Amino acid sequence: MTHSFLRGTAALALAAAISAPALANDAALERALKGKRVTITVGFDAGGTYGLYSQLIAHHLQPLLPGKPTIVVQYMPGAGGIKASNYAFNVMPKTGLNLFMPPDTVVISNLLDPKSTRYKADQFYYLGNTVQTNSVLVFRTDKNINTLADLQKTPVLVGSTGAGSQTFLVPAMLNGVFGTKMKIIQGYQGSQKTMLAMEQKETDGAALTWASWTATRGKWFETGYAKPVLQLGVNKDPALTNLPMLSDLAVTDEQKQIVRFMSSLGAIGRSLTLPPKTPVQIADPMRAAFEKMATGKAFKDDANSRKLDVAPMGGAELQKVVSEMMKVSPDVAKKAREAIMVKGRKSS
């Protein structure tokens with residue numbers, strides 16, 4: 001499946017930007033990496049799409065880096081990615097040997113919960129992303145949840161990996177802004193265990209990226225075991241053109257503002273960053289290597305063989321997007337914080 005987020009001239013611009021020769025002459029980066037081990041830190045467990053994309057990136061990025069370092073993935077689940085985000089911002093060495101795959105809610109959490117998020121999302125150095133994807137609310141069909149109106153009148157249980165993830169923030173937003181009756185059960189370690197809870201009928205549904213659902217539970221939708229009910233993002237997913245966008249269901253100005261704010265998680269997708277203040281002579285060639293990888297045929301073919309989508313955005317463009325996202329007005333941020341972190345949490 002391809003996505004509509006990166007089309008035409010944007011894709012050509014990214015390809016042109018990375019068409020320069022390989023990184024053989026990047027002496028500073030080679031000195032930093034030669035004979036060393038590079039670690040990608042992920043704020044979730046290995047079973048979901050964060051694990052799948054991070055392993056895929058590790059495999060394909062390694063041969064493009066000067067000095068040919070080894071690359072390993074480290075999993076640090078906790079608080080829906082906030083634990084790893086705080087670590088990456090405040091503790092992670094700035095030597096080029098440590099990379100961070102942020103949660104797609106890294107900006108939203110930063111603005112909604114500034115006390116828990118001890119980082120500034122726009123100060124990470126973004127290498128780029130590999131995919132942008134919508135958050136999709138899915139329920140088992142035996143619950144007979146088909147519309148937003150059903151959620152407003154029928155109490156249901158949804159699983160969550162923690163307060164910093166979309167598994168919490170999306171249902172809490174629906175509770176606080178649209179009056180739905182979802183009880184959020186936190187504590188599941190990653191998307192796979194969140195889906196397993198649905199299977200074992202501990203919970204009834206969850207909000208995860210469509211890539212997460214289709215990569216590991218695609219048969220649910222083929223057999224009718226579960227069904228998507230709503231999607232949240234900037235544009236409709238091409239595979240879900242008949243599924244309502246939450247933005248189309250927003251009526252009041254406040255609903256529209258908060259939904260637009262929450263929709264930004266799609267742009268982060270499955271991205272990779274360096275910690276703030278990493279030296280530019282390391283950061284810039286690392287970004288070039290990542291972009292070359294993300295737009296390469298080998299990466300796309302391998303991703304498709306694993307049933308993973310590829311729709312990359314370049315690092316400079318993503319950095320700009322994150323900077324703009326962080327400029328949301330204090331009034332909108334306050335309304336969203338009240339609706340999601342206070343009202344939405346109490347409703348659950």
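For the structure given in this document, a descriptive report is provided here. As the structure is a computational prediction, the values presented were derived from the model and not from experiment. (Residues numbered from 1 in each chain as written. Predicted model: local features only at pLDDT ≥ 70, side-chain atom pairs only at ≥ 80, totals over all residues. Heavy atoms only, no water.)

## A short note on the nonpolar core
1) Next: Membership of the largest hydrophobic core comes to 54 residues, with the highest contact counts inside it found for Val107, Phe139, Met173, Leu174, Phe178, Met262 and Ile340.
2) Next: Setting aside residues no more than four positions away along its own chain, Met262 makes contact with Ile108, Leu169, Val170, Met173, Leu232 and Ile340.
3) Next: Listed in part, the 36 residues of the second largest apolar core include Leu29, Ala32, Ile282 and Phe299. (Core = buried A, V, L, I, M, F, W, Y, C linked by side-chain atoms within 4.5 Å. Buried < 20%, exposed > 50% of the residue type's maximum accessible area, 1.4 Å probe, protein only. Contact = heavy atoms within 4.5 Å.)

## Notes on the layout of surface pockets
1) Next: There is about 170 Å³ of room inside the second largest pocket.
2) Next: What lines the second largest pocket is Thr214, Ala215, Thr216, Arg217, Gly218, Lys219, Phe221, Glu222 and Lys307.
3) Next: Split by residue class, the lining of the second largest pocket holds two nonpolar, three polar and four charged. (1 Å grid on protein atoms, 1.4 Å probe; cavity = no way out; pocket = protein on both sides within 12 Å on 5 of 7 lines; lining within 4 Å. Points joined across faces, edges and corners; volume = space filled by probe spheres on them. Nonpolar A, V, L, I, M, F, W, Y, C, P; charged D, E, K, R; others polar.)

## Focus: the pattern of salt bridges
Close approach of charged atoms allows side chains with opposite charge to pair.
1) Next: Here the structure, examined in full by the defined rule, presents 11 salt bridges.
2) Next: For Asp142, the salt bridge goes to Arg140, with nearest N and O atoms at 3.2 Å.
3) Next: Judged by relative accessible area, Arg140 falls into the buried class, the value being 5%.
4) Next: In this structure, Lys153 and Asp150 form a salt bridge, with 4.0 Å as the shortest nitrogen-oxygen distance. Remark: Asp150 and Lys153 occur in helix α6 (residues 148-153); sequence separation between them is three residues, near one turn of the helix.
5) Next: It is possible to trace a salt-bridge network through shared partners that takes in Arg140, Asp142, Lys143, Lys201 and Asp204. (Salt bridge = Lys/Arg side-chain N within 4 Å of Asp/Glu carboxyl O. Helix = DSSP H or I, 4+ residues; strand = E, 2+ residues; numbered from the N terminus.)

## Some points on the packing of aromatic side chains
Pairs of aromatic rings are described using the distance from one ring centre to the other and the angle between the two planes.
1) Next: Per the stated rule, a full pass over the model turns up eight aromatic pairs.
2) Next: Ring geometry for Phe44 versus Tyr50: centroids 4.3 Å apart, planes at 20°, classification stacked. Side by side, Phe44 and Tyr50 carry an identical accessibility label, which is buried.
3) Next: Three or more aromatic residues joined by ring pairs make a cluster, and in this case those are Trp210, Trp213, Trp220, Phe221 and Tyr225.
4) Next: Stacked on the ring of Tyr50, the Lys or Arg Arg270 has its end atom at 3.6 Å from the ring centre. (Phe/Tyr/Trp six-rings, centres within 6.5 Å; stacked < 30°, edge-to-face > 60°. Lys NZ or Arg CZ within 6 Å of the ring centre and 35° of its normal.)

## Observations regarding empty space enclosed by the protein
1) Next: Within this structure, the stated rule accounts for three cavities of 30 Å³ or more.
2) Next: Roughly 160 Å³ of internal volume is contained in the largest cavity.
3) Next: Every residue lining the largest cavity is counted, 19 residues in all, and those nearest its centre are Phe44, Tyr50, Ser191, Leu208 and Arg270.
4) Next: Residue classes in the lining of the largest cavity are distributed as four nonpolar, 12 polar and three charged.
5) Next: The space that makes up the second largest cavity amounts to roughly 50 Å³.

## Examining the environment of Ser109
1) Next: Secondary-structure assignment places Ser109 in helix α5 (residues 106-112).
2) Next: Residue Ser109 is classed as buried on the basis of its relative accessible area, which comes to 4%.
3) Next: Contacts of Ser109, omitting those with residues within four sequence positions, involve Ile82, Pro114, Thr117, Tyr119, Gly164 and Leu169.

## Here's the deal with the pairing of strand β2 (residues 70-75)
Put simply, side chains in a regular strand alternate between the two faces of the sheet.
1) Next: Judged from the six bridges that link them, strand β1 (residues 37-42) and β2 form a sheet pairing that is parallel. Looking at β2, one finds that Thr39 is bridged to Val72.
2) Next: Tracing the backbone out of β1, into helix α3 (residues 49-61) and back to the parallel element β2 gives a crossover that is right-handed. (Pairing = 2+ DSSP bridges. Right-handed = clockwise from strand over helix to strand, strands pointing away.)

## Quick word on the side chain of Thr209
1) Next: Assignment of secondary structure puts Thr209 in strand β8 (residues 205-209).
2) Next: Residue class for Thr209 comes out buried when judged on its relative accessible area of 1%.
3) Next: Of the polar contacts made by the side chain of Thr209, one reaches the side chain of Ser212; its length is 2.8 Å.
4) Next: Setting aside its immediate chain neighbours within four residues, Thr209 contacts Thr49, Asp104, Thr133, Asn134, Ser135, Gln166 and Arg270. (Polar contact = N/O pair within 3.5 Å; in protein donor to acceptor, adjacent residues only side chain to side chain.)

## Remarks on the environment of Leu196
1) Next: Structurally, Leu196 is set in helix α8 (residues 191-199).
2) Next: Sequence-wise, Leu196 and Thr117 are 79 residues apart; in three dimensions their C-alpha atoms are separated by 28 Å.

Keep in mind these numbers describe shape, not what the thing actually does.
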